[in-house]
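Residues per chain, in single letters:
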Amino acid sequence: MTRSLASKASLRRRSKALVAAAFLRSLKISDGDAYRAVYTVRFAGVVYVLHAFQKKSKKGIATPRRDIDLIKMRLKRAEDDYRAKYVKGTKP
């Protein structure tokens, strides 16, 4: 497997967890800087922004592991928040 194929396979595996829960949106600003925002529409009537950050790597598209871990943690918090605020029969 070539390096580029290995990188793409790794990105797919790491992104699979995010895809199930969230969307990754890349934005380019006119000065050349790139930003990413991760949000979820998994919950009825609510959008949670889980993370936003400036993309620093000039090559590659992989999201750093620490950002993925932070997104997963915030998704869990969003689930807890949604249950507490919007699901009947749960305690706040």
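Whatever comes next refers back to the structure up there.
For the structure given in this document, a descriptive report is provided here.

## Describing the sheet that holds strand E1 (residues 23-28)
Argument step 1. The strand order E1-E2-E3 describes an open sheet built from three strands, whose pairing is antiparallel. Since the sheet does not close on itself, it has two edges, and those belong to E1 and strand E3 (48-55), each with one partner. Going from strand to strand, the sheet's axes swing by 20° on average, the running direction of each strand aside.
Argument step 2. Direction of pairing for E1 relative to strand E2 (residues 34-40): antiparallel, over a ladder of six bridges. Residue pairing across strands places Leu24 opposite Val38, the latter belonging to E2.
Argument step 3. Sheet contacts for helix H2 (residues 65-86): E2 and E3; angle to E3, the most-contacted strand, approximately 160°.

## Examining the nonpolar core
Argument step 1. Residues Ala22, Val38, Phe43, Val46, Tyr48, Leu50, Phe53, Ile71, Leu75, Ala78 and Tyr82 constitute the largest nonpolar core, which totals 11 residues.
Argument step 2. Secondary-structure elements contributing two or more residues to this core are E3 and H2.
Argument step 3. Per-element accounting of this core gives the leading share, four residues, to H2.
Argument step 4. Aside from chain neighbours lying at most four places away, what touches Phe43 is Tyr48, Ala78, Glu79 and Tyr82.

What counts and what doesn't
- In every chain, residue numbers begin from 1 and rise along the written sequence.
- The predicted nature of this model means local features are confined to residues of pLDDT at least 70 and side-chain atom pairs, given and counted, to a pLDDT of 80 or more, with totals for whole chains, interfaces and linings taken over all residues.
- Here the side-chain values reflect all heavy atoms present in the structure, with hydrogen atoms and water set aside.
- One bridge is not enough; two strands pair if DSSP finds at least two bridges between them.
- By definition, any uninterrupted DSSP run of H or I lasting at least four residues is a helix, any uninterrupted run of E lasting at least two residues is a strand, and each is numbered from the N terminus.
- Axis lines are fitted to C-alpha atoms, over the contacting stretch for helices. Their N-to-C directions set the angle, which ranges from 0 to 180 degrees.
- Between two residues, a contact is recorded if the distance between any of their heavy atoms is within 4.5 Å.
- By nonpolar core is meant a set of buried Ala, Val, Leu, Ile, Met, Phe, Trp, Tyr and Cys residues that side-chain atoms within 4.5 Å join together.
- With a 1.4 Å probe rolled over the protein chains alone, any residue whose accessible area is under 20% of its type maximum counts as buried; one over 50% counts as exposed, and the rest are partly exposed.

Function cannot be inferred from these measures alone, as they are strictly geometric.
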